[in-house]
Amino acid sequence: MRRSQGRSQPEIRYGNVTYQPHSQQLYHQGNLIELTIKEVAILEQMLTHPKQIHSRASLEDKLYGWRQDIESNAIEVHIHHLRKKLGNDFILTKRGVGYYLNPTYNHL
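Rules used throughout
- Residues numbered from 1 in each chain as written.
- Predicted model: local features only at pLDDT ≥ 70, side-chain atom pairs only at ≥ 80, totals over all residues.
- Heavy atoms only, no water.
- Axes fitted to C-alpha atoms, helices over the stretch in contact; angles between N-to-C directions.
- Helix = DSSP H or I, 4+ residues; strand = E, 2+ residues; numbered from the N terminus.
- Parallel < 35°, antiparallel > 145°, perpendicular 65-115°, else oblique.
- Contact = heavy atoms within 4.5 Å.
- Nonpolar A, V, L, I, M, F, W, Y, C, P; charged D, E, K, R; others polar.
- Core = buried A, V, L, I, M, F, W, Y, C linked by side-chain atoms within 4.5 Å.
- Buried < 20%, exposed > 50% of the residue type's maximum accessible area, 1.4 Å probe, protein only.
- pLDDT = per-residue confidence, 0-100.
- Salt bridge = Lys/Arg side-chain N within 4 Å of Asp/Glu carboxyl O.

Colleague: What's the story with the packing of helix 1 (residues 37–48) against helix 3 (residues 74–86) in this structure? I'm lost.
Modeller: Pairs of packed helices are described in terms of their axes, by the angle between the two and the distance that separates them. Following both chains from N to C, one finds helix 1 and helix 3 inclined at 85 degrees, their axes separated by 10 Å at the closest point. Classified by the interaxial angle, the pair formed by helix 1 and helix 3 is roughly perpendicular. For the pair formed by helix 1 and helix 3, the contact residues are Lys38, Glu39, Ile42 and Leu43 on the first element and Ile75, His78, Ile79, His81, Leu82, Lys85 and Leu86 on the second. Each residue belonging to the contact of helix 1 with helix 3 can be placed in one class, and the counts come to six nonpolar, two polar and three charged.

What follows is the structure in structure tokens.
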């Protein structure tokens, strides 16, 4: 029991997506999906807080910090790439608020 204290989960499941934080590997329907570092950071944030709506500003802070220059549509581009890899219905947009995981996608 002592070993497990303070350790993250060995994997996070959300529907047919499995994420392994220690190796930063993502599986969709059992297939390994190649992700960029930025995509991993966004997805990890969303999977560890699946019921939260993530604003563009909060994701930018997570990815870039406040000292880096950011393209105006950088987050949208990363979300677009994640949707291409995981399906358009995996990450949804709440217009004017942010992004969130589709609650009906998590059918496990």
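Further notes follow.
Colleague: Any chance you could explain the nonpolar core here in plain terms?
Modeller: Among soluble globular proteins, nonpolar side chains are generally buried collectively. Counting residues in hydrophobic clusters, the biggest one holds 25 residues, and the most contacted among them are Leu26, Leu43, Leu47, Ile75, Phe90 and Ile91. Put simply, the parts of the chain that give this core at least two residues each are strand 1 (12–14), strand 2 (17–20), helix 1, helix 2 (56–64), helix 3 and strand 6 (98–101). Those residues in contact with Phe90 that lie beyond four places of it in its chain are Tyr14, Val17, Leu43, Leu47, Tyr100, Leu101, Asn102 and Tyr105.

Colleague: Just checking my understanding: could you explain the confidence of the model for the chain for this structure?
Modeller: Low-pLDDT stretches of the model should not have their predicted coordinates read in fine detail. For the chain, per-residue confidence averages 86 on the pLDDT scale, and residues scoring 70 or more make up 83% of the total. Within the model, the stretch residues 1–6 combines pLDDT values under 50 with zero contacts to residues more than four positions away or in other chains.

Colleague: Would you mind going over the pattern of salt bridges with me for this structure?
Modeller: Note on pairing: side chains with opposite charge can pair once their charged atoms come close. Counted according to the given criterion, the structure contains four salt bridges. When the shortest N-O distance is used, the salt bridge between Glu39 and Lys85 registers 2.7 Å. Taken together, the residues Glu39 in helix 1 and Lys85 in helix 3 connect sequence positions 46 residues apart. With a relative accessible area of 30%, Lys85 lands in the partly exposed category. Between Glu76 and Arg56 there is a salt bridge, and its shortest N-O distance comes to 3.4 Å. With Glu76 in helix 3 and Arg56 in helix 2, this residue pair connects regions lying 20 residues apart in the sequence. What you see here is one network of salt bridges that share partners, running through Arg56, Glu60 and Glu76.

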